[in-house]
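Descriptive structure summary
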Amino acid sequence: MPPAQCVRHMAKAVTRHRRPVFQESQVIAVVQNNGSTSEDMLILKSRLRKHGLAMKFFPNQVMRSFLKDSPYCNMAALFQGPTVLIVSEQGKGVQQYAKLPSVTVVQGELVSGLTLLTSRTSSLLGHHPATLAALLQQYVKQQEAPPETPEAAAAVV
């Protein structure tokens, strides 16, 4: 099948999924996902879902062919390179997601938490050997002392 015919065939097959996305969504964002791993995308997808947002993946050629004859034709230029649609049936989901801290802030909080845990672990490890050494020294002194006889113990009392 020639590439142009393949794109038309795919466009028809995907139309039933695209049309509701554009008709039922109050918010549609086109986002480039350059350099994102599949794990990053899964994490983002779950975070978005918690706020009433959904990710939709459509091939760019198919999207451009769909958009050229729609009221959204001005969005066609956005579909260059790897792209994802983020949609919401309610506008409030976007507002809630916009209030979340940035990835840099979350990474900073994670690093500071891990640093604090590491310093606490180091501190605890530093305290325990000193305590253990003191207890061992006390044990050695007790072992080196002459054994007490019952008469010596009675004389002390």
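The model shown is predicted, which means the values in this text are computed figures rather than measured ones. (Residues numbered from 1 in each chain as written. Predicted model: local features only at pLDDT ≥ 70, side-chain atom pairs only at ≥ 80, totals over all residues. Heavy atoms only, no water.)

The biggest cluster of nonpolar side chains holds 11 residues, and these are Val21, Phe22, Phe58, Met63, Phe66, Leu67, Met75, Ala76, Phe79, Leu85 and Val87. At the level of elements, helix H1 (3-24), helix H3 (60-67) and strand E3 (83-88) are the ones that each hand at least two residues to this core. Looking at this core, the element that brings in the most residues is H3, giving three residues. (Core = buried A, V, L, I, M, F, W, Y, C linked by side-chain atoms within 4.5 Å. Buried < 20%, exposed > 50% of the residue type's maximum accessible area, 1.4 Å probe, protein only. Helix = DSSP H or I, 4+ residues; strand = E, 2+ residues; numbered from the N terminus.)

Right, let's talk about the layout of surface pockets for a bit. Put simply, the largest pocket is a space of about 410 Å³. In terms of lining, the largest pocket is formed by 20 residues, of which the most central are Asp40, Leu44, Arg47, Tyr97 and Val103. Where the lining of the largest pocket is concerned, the elements lending two or more residues are strand E1 (27-32), helix H2 (38-50), E3, helix H4 (92-98) and helix H5 (103-144). Looking at the lining of the largest pocket element by element, the count peaks at five residues for H2. When its residues are assigned to classes, the lining of the largest pocket shows 13 nonpolar, five polar and two charged. (1 Å grid on protein atoms, 1.4 Å probe; cavity = no way out; pocket = protein on both sides within 12 Å on 5 of 7 lines; lining within 4 Å. Points joined across faces, edges and corners; volume = space filled by probe spheres on them. Nonpolar A, V, L, I, M, F, W, Y, C, P; charged D, E, K, R; others polar.)

Counting along an α-helix, one turn takes 3.6 residues, and residues three or four places apart therefore face a common direction. For H3, the full list of buried residues reads Asn60, Val62, Met63, Phe66 and Leu67. Down the axis of H3, the sector holding all buried residues measures 160°, keeping them to one side. (Arc of directions from axis to C-beta.)

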